[in-house]
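# Structure at a glance
If you want the building blocks of each chain, they are given just below.
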Amino acid sequence: MPTLLLTGGAGFIGSQLARTLTQAGFTVRVLDLLTYAGRREHVDGVPCELVVGDVCDPGLVADAVDGCQVVVHAAAESDVSRSLHGGAACVRTNVEGTRVVLDAAAHAGVEHFLLLSTDEVLGEVLGGPAPGPDAPLRPGNPYAASKAGAEALVHAWHKSFDLSTAIVRCVNAYGPRQHPEKAVPWWAQDALRGRIVPVQGLGTAVRDWIYVEDLARGIARALERWQSGAIWHFAAHDQQRNLAMARRVLAACAVHTGRLAQIEFVEDRRGQDRRYALDDSATRRALDWAPSVDLEQGLARTVAWIQQKGLALWS
Ligand SMILES: NC(=O)c1ccc[n+]([C@@H]2O[C@H](COP(=O)([O-])OP(=O)(O)OC[C@H]3O[C@@H](n4cnc5c(N)ncnc54)[C@H](O)[C@@H]3O)[C@@H](O)[C@H]2O)c1
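Just so it is clear, the structure is predicted and the values come from calculations on it, not from any experiment.

Definitions and limits used
Residues numbered from 1 in each chain as written. Predicted model: local features only at pLDDT ≥ 70, side-chain atom pairs only at ≥ 80, totals over all residues. Heavy atoms only, no water. Helix = DSSP H or I, 4+ residues; strand = E, 2+ residues; numbered from the N terminus. Rg over C-alpha atoms; globule rule 2.2 N^0.38 Å. Buried < 20%, exposed > 50% of the residue type's maximum accessible area, 1.4 Å probe, protein only. Areas by Shrake-Rupley, 256 points an atom, 1.4 Å probe, with all protein chains shown as cover. Lys, Arg positive; Asp, Glu negative; His and termini not counted. Charge placed at Lys NZ, Arg CZ, Asp CG, Glu CD. Near = heavy atom within 4 Å. Polar contact = N/O pair within 3.5 Å; in protein donor to acceptor, adjacent residues only side chain to side chain. Nonpolar A, V, L, I, M, F, W, Y, C, P; charged D, E, K, R; others polar. Disulfide = S-S within 2.5 Å. Phe/Tyr/Trp six-rings, centres within 6.5 Å; stacked < 30°, edge-to-face > 60°. Lys NZ or Arg CZ within 6 Å of the ring centre and 35° of its normal.

Regarding its fold elements, the chain presents 10 helices and 13 strands. Here the C-alpha atoms of the chain give a radius of gyration of 19 Å, agreeing with the 20 Å that 2.2 N^0.38 yields for 315 residues. With respect to the three principal axes, the spread of C-alpha positions in the chain is 55 × 45 × 40 Å. Counting across all 315 residues of the chain, residues that qualify as buried make up 57%. Of the accessible surface of the chain, which amounts to about 13100 Å², a share of 49% is contributed by carbon and sulfur atoms. For the chain, the distance from the average site of its 31 positive side-chain charges to the average site of its 35 negative ones is 5 Å.

This is the structure we're talking about:
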């Protein structure tokens, strides 16, 4: 099996990918800066190499990609709220970092380069059918714009330098090892600690939620059935208003605490996109993929992990 460079492999989705891809037989080398979101502990027990460094460092990335046939580029500044307080970190890591990793991959002659992107590049979807892979990019916040920039670079390296590339866009992922700045672990940590749980605005924004193991399995399948130039959409088709989602998280927490936490409404995020959606029918057909963990099971597993490990890790 090939050797694979996985950037961002000590983060939330990356550390699940490290598990799934090593189990699939890849030799995995993780490159991660271990920012506030990345933790060495996230890959404890995973048989992968960990190189600590910055995707914006061309020399370091060239060394890291040496000997790899596949690159999965998941490293990013991934938080929308942080990006609203200043987009510089997002643009640096998500745009310039992607250029550096693409350059290194092209020079090393890797066989496959896959970028992990997001439904947010398509902007809010207020009605009508969910957008497919060819829909225009309309990012509505600095994070989403930086990911759209990364996608544009991937297209350019594919066309100009014959790099065999693919892009994965997914809906909101949740599961173990996610930083508590994100909604599900944020709500769960507060509820497990007996605090009042904040919900932004009136909780009317709509998101689709995919369990991280299902997503990682889909990405492994995209590598296995490689199609150069593909854009793969992964969705769960279980859209929830944020208020309903928060209530489900609190119900999962009540199993541990014996009581349902209270909710308070707090100021909404600036420019909040009211709904995201992805049409993933082509992905499901081509990759013979469908999610296997429903929201109830996924939240039970996530909350159990937060109770056992997350509370101490993020205290
Ligand atoms: N979480 C989601 O719901 C979601 C949805 C769609 C797409 N994505 C995308 O998936 C990818 C992973 O997201 P996540 O939620 O796991 O994010 P995360 O913030 O949990 O992890 C990001 C990882 O990248 C590392 N990193 C950051 N800057 C770096 C740099 N300059 N050099 C090297 N490493 C660096 C961090 O240390 C961290 O380990 C991102 O590209 C994100 O845009 C996430």
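Further notes follow.
Attention now goes to the site of the ligand. Within the structure, the ligand sits among 29 residues, and I13, D32, S78, Y143 and K147 are positioned closest to it. Here T35 contributes a backbone N or O atom positioned 3.0 Å from an oxygen atom of the ligand. Here a nitrogen atom of the ligand and a side-chain polar atom of D54 are 2.8 Å apart. Calculation on the ligand without its partners gives an accessible area of 830 Å², and the protein chains cover 96% of this total. Contributions of two or more residues to the shell around the ligand are made by α1 (12-23), β5 (112-118), α5 (142-161) and β7 (172-174). Ranked by the residues each element gives to the shell around the ligand, the list is headed by β5, at 3 residues. A class-by-class count of the residues in the shell around the ligand yields 15 nonpolar, 11 polar and 3 charged.

As a further point, take the state of the cysteines. All told, the structure shown has 0 disulfides when counted by the stated rule. Here C68 is not cross-linked by a disulfide; its sulfur's nearest cysteine counterpart is in C48, at 12 Å. In this model C170 remains outside any disulfide bridge; the closest cysteine sulfur is found in C90, 15 Å from its own. Taking relative accessible area as the criterion, C170 reaches 7% and is therefore assigned buried.

Going through the model one piece at a time under the given rule, you end up with 4 aromatic pairs. Seen from their ring centres, Y174 and W209 are 6.4 Å apart, and the 75° between their planes marks the pair as edge-to-face. Linking Y174 in strand β7 with W209 in strand β10 (residues 209-211), this pair joins segments that are 35 residues apart in sequence. Look at W209 and you get buried, because its relative accessible area is 6%. Taking the centre distance of 4.8 Å and the plane angle of 85° together, the rings of F234 and W289 count as edge-to-face. Taken as a pair, F234 in strand β11 (residues 231-234) and W289 in the loop between α9 (281-287) and α10 (295-313) lie far apart in primary sequence, 55 residues in all. We note that F234, like W289, is buried. Here R82 stacks its cationic end above the ring of Y36, 3.6 Å away from the centre of that ring.

What is shown is where atoms sit, not what they do.
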